[in-house]
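Spelled out from the first residue to the last, the chains are:
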Amino acid sequence: MSASERVRVAVVGAGAGGLVAAAYLAKAGVHVEVFEAQAHVGGCASCFTIGGNRFHAGATTLVGLEPHMPLARMLDELDLAVPHHRLERAMAIARAGETIRLAQDNAANAARFERTFGHAFGAFWAHAAAVAPRAWSLIAEAPVPPKTFADLAWLATSREAWALLPELLTTTRSRLEGFGQVPREGIELLDELLLVSTQATSARTPALFGAVGCEYLERPLYMPHGGLGALFELVAARVRARGALLHLSTRVDAVRVHAQHVTIEANGTTTEFDAVVLGLTCWDAARLVHGAPRATFERQAKRHRDAWSAAGGYFVVDDVFGDDAPVYTQVVLERPMRSTGARGFFVTVPPREDRSLVPNTGERTLTVSCHTESEPWFSCDDSAFRERRSELLEEIEGGLRAAIPALAHARVHARHPATPRTWQSFTGRHLGRVGGLPFARDLRTLAYPTGATGSPHVVAVGDTVFPGQSVTATAIGARRGALALLAHFARSA
Ligand SMILES: Cc1cc2nc3c(=O)[nH]c(=O)nc-3n(C[C@H](O)[C@H](O)[C@H](O)COP(=O)(O)OP(=O)(O)OC[C@H]3O[C@@H](n4cnc5c(N)ncnc54)[C@H](O)[C@@H]3O)c2cc1C
């Protein structure tokens, strides 16, 4: 029996972070119990059903299933085969009456952007594609952000880390403008794209992360059969098959950390474990955890205050889409939305051939989301909230009809809004803060939480742990967290 096989670990939250960590721990023979407040797994990357239609709740894009990419390697390590659609030319940008269809071909996209926004934008786009794969490799392997002398020593001896340092020290906007003059519309477009991937605009995002955020738009994209939620339903099934217990509809009320063990309080019962993985944001961990690591989470929560929430809607519309319609469209609006303040929104129309996502012939489901500040949705009274929520749906519907010509006269069969209040109740995230921490070029990025808490038997995972937002990045961080915990068990055996 190995050291890991004698230990008991609680995992709080069955989102991407908690589940991936649980899968690695269960594979190593650890006794794992996962506590999930909802009746389903997946959190922000789950699917839900209303009126017979299955919708993506939040996350809809998945990158990294090529064999050499970190996510594919992880699925391999976990012996997981994920049936999926590989989506060709899936991404489009709709702005000012034109649609830019992105190809899985950087030169073609760079040429297209050069025609629309000038030489500098095209050159920047080509540069980003050269930097991004190197950034992905470094993020997956290096101890970043460095927190100890050993981490710094690792980075100091890495030639690749030195080579990429200038990309970390300059902003994406400066890198772009270093190639020449760019019209305002080009910068606004880049800002919209980066908000989705790095949670910050080009003037704040380091060029290193900006490159990753741009290049992801021309990566092959994948949709698991049944949507992103199905991916985590598969991971959960694998975790169970390895003997772990999955307690659904079980909200954890407190995590108490002692010198050698932790206790989990849920449903009026207290259970003792050797260690805990917190698949929660730093803001929520700061409220739930009692004992030494609480101070770490409180510090993180105080430092990283400016996080976004999301708003959007779920629609069922006439199937007016051609066979070659893009699955994903980033709509850039002429004016910011009144309800959300966003300059655009992201639309997903799942492929027609997936009958579990498109059950009714002649109809299609749409998931729409955008960034919004959370506080205004909570500080208003109920009647102002309802008014704002109606305005949200109207603005999205108007924007969809204007940006996607086929939808101009389509019938809308059902519409369901999603606001920060929805996100708070759906994921338990305080103020509905979704989407991780902004990758801004200030000291806070260097202070991006790594998941270490000062107590080796308490590890944080999820999208407020480096490398942060997105299903793939969260999975990378969760793998690291699980391996750190296994290393701790091995040392203390
Ligand atoms: C609108 C939107 C669109 C997005 N689009 C994309 C995209 O297209 N592609 C992409 O890769 N990423 C996307 N993301 C980001 C991605 O979904 C997240 O980064 C990732 O899923 C976060 O996983 P997590 O485990 O950190 O957190 P969560 O998904 O929030 O999971 C946390 C889990 O913990 C549970 N929980 C919370 N509190 C408790 C408690 N006290 N006790 C027990 N359980 C608890 C919750 O119910 C939840 O299931 C999107 C996110 C949003 C919100």
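Topic: the overall build of the chain
- Regarding its fold elements, the chain presents 17 helices and 21 strands.
- For 493 residues, the compact-globule formula gives about 23 Å, and the C-alpha radius of gyration of the chain, at 22 Å, lands near that figure.
- Summarising its shape, the C-alpha atoms of the chain cover approximately 65 × 55 × 45 Å along the three principal directions.
- Long-range pairs, those at least 24 residues apart, make up 71% of the contacts in the chain with a sequence separation of at least 6.

Thoughts on the site of the ligand
- The environment of the ligand is made up of 39 residues, and the closest members are Gly-13, Gly-15, Gly-43, Gly-58 and Gly-462.
- Where the shell around the ligand is concerned, the elements lending two or more residues are helix H1 (16-27), helix H11 (282-288) and helix H17 (471-492).
- The class makeup of the residues in the shell around the ligand is 14 nonpolar, 20 polar and five charged.

Topic: the domain arrangement of the chain
- Domain annotation of the chain identifies domain 1 (3-45 + 227-305 + 435-492), domain 2 (84-103 + 219-224 + 308-423) and domain 3 (105-217).
- The centre of domain 1, based on its C-alpha atoms, is set 29 Å off from the matching centre of domain 3.
- Contacts between the two partners involve 16 residues from domain 1, matched on the other side by 13 residues from domain 3.
- The residue makeup of the side of domain 1 that touches domain 3, split by class, is ten nonpolar, five polar and one charged.

Some points on the sheet that holds strand S14 (residues 275-278)
- Overall, parallel pairing links the five strands, which are arranged S10-S2-S1-S14-S21 in an open sheet. This sheet does not close on itself; its edge strands, each paired only once, are strand S10 (245-247) and strand S21 (458-460). Between one strand and the next, the sheet's axes are offset by a mean angle of 15°, whatever the strand orientation.
- Where strand S1 (residues 8-12) lies against S14, four bridges are found, and the strand directions are parallel. Each residue of the ladder has a partner; that of Ala-10, found in S14, is Val-276.
- In the packing of H17 onto the sheet, the strands contacted are S1, S14 and S21, and the crossing angle to S21 comes to about 165°.

Some thoughts on helix H8 (residues 184-198)
- Its 15 residues place the ends of H8 20 Å apart at the C-alpha level, agreeing with the 21 Å of an ideal helix rising 1.5 Å per residue.
- Three or more residues of H8 are buried, namely Leu-189, Leu-190, Asp-191, Glu-192, Leu-193, Leu-194, Leu-195, Val-196, Ser-197 and Thr-198.
- Against the buried residues of H8 lie strand S7 (91-95), helix H7 (172-178), helix H9 (207-215), strand S17 (328-332), strand S18 (344-348) and strand S19 (363-372).
- Note on H8: the residue one or two positions beyond its end, Gln-199, has a positive phi of about 65°.

A look at the packing of helix H4 (residues 119-141) against H9
- At a minimum axis distance of 7 Å, the contact between H4 and H9 shows a crossing angle of 105°. In terms of orientation, H4 and H9 fall into the roughly perpendicular class. Of the residues in H9, those touching H4 at Trp-125, Ala-128, Ala-129, Val-131, Ala-132, Ala-135 and Trp-136 are Leu-208, Gly-210, Ala-211, Val-212, Cys-214 and Glu-215.
- The residue makeup of the contact of H4 with H9, split by class, is eleven nonpolar, one polar and one charged.

Section: the sheet that holds strand S16 (residues 309-318)
- In spatial order, the strands read S8-S7-S17-S18-S19-S16-S20; together these seven strands make up an open sheet with mixed pairing. Each edge of the sheet is formed by a strand with only one pairing partner; in this case those strands are strand S8 (98-101) and strand S20 (412-418). Across the sheet, the mean angle from the axis of one strand to that of its neighbour is 20°, orientation sign disregarded.
- With five bridges joining them, S17 and S18 adopt antiparallel strand pairing. Looking at S18, one finds that Gln-330 is bridged to Phe-346.
- Each of S7, S17, S18 and S19 touches H8; the most contacted strand, S17, lies at about 130° to it.

Digging into the packing of H8 against H9
- At their nearest, the axes of H8 and H9 sit 9 Å apart, and the two run at 100° to each other. The angle between the axes of H8 and H9 places the two elements in the roughly perpendicular class. Residues Leu-193, Leu-194, Ser-197 and Thr-198 of H8 touch H9, and the partners they reach there are Phe-209, Gly-210, Gly-213 and Cys-214.
- Here the contact of H8 with H9 is composed, by residue class, of four nonpolar, four polar and no charged.

A closer look at the pairing of S19
- Burial runs high along S19: nine of the ten residues are buried.
- The sheet contact formed by S16 and S19 spans ten bridges and is antiparallel. Note that in S19 the partner of Ser-309 across the bridge is Thr-372.
- Sheet topology places S18 next to S19; three bridges connect them, and they run antiparallel. Bridge pairing in S19 links Val-347 to Val-368.

Examining unusual backbone geometry
- Geometrically, the link from Phe-466 to Pro-467 is a cis peptide bond, its omega value of 5° lying close to zero.
- In this fold, Pro-467 is placed in the loop between S21 and H17.
- In this structure, Leu-431 is a non-glycine residue whose phi angle is positive, near 60°.
- Topologically, Leu-431 is positioned in the loop between helix H15 (420-427) and helix H16 (443-446).
- For Ser-470, which is not a glycine, the phi torsion comes out positive at approximately 105°.

Some words on the environment of Phe-321
- Following the sequence through the fold, Phe-321 ends up in the loop between S16 and S17.
- Placed 81 residues apart in sequence, Phe-321 and Ala-402 show a C-alpha to C-alpha distance of 15 Å.
- Residues within four places of Phe-321 in sequence aside, it is in contact with Val-349, Arg-364 and Ala-406.

Scoring rules and cut-offs
Residues numbered from 1 in each chain as written. Predicted model: local features only at pLDDT ≥ 70, side-chain atom pairs only at ≥ 80, totals over all residues. Helix = DSSP H or I, 4+ residues; strand = E, 2+ residues; numbered from the N terminus. Rg over C-alpha atoms; globule rule 2.2 N^0.38 Å. Contact = placed C-beta atoms within 7 Å. Near = placed C-beta within 6 Å. Nonpolar A, V, L, I, M, F, W, Y, C, P; charged D, E, K, R; others polar. Domains from an automatic or database assignment. Pairing = 2+ DSSP bridges. Axes fitted to C-alpha atoms, helices over the stretch in contact; angles between N-to-C directions. Expected span 1.5 Å × (residues − 1). Buried ≥ 20, exposed ≤ 12 C-beta atoms within 10 Å, placed from the backbone. Parallel < 35°, antiparallel > 145°, perpendicular 65-115°, else oblique.

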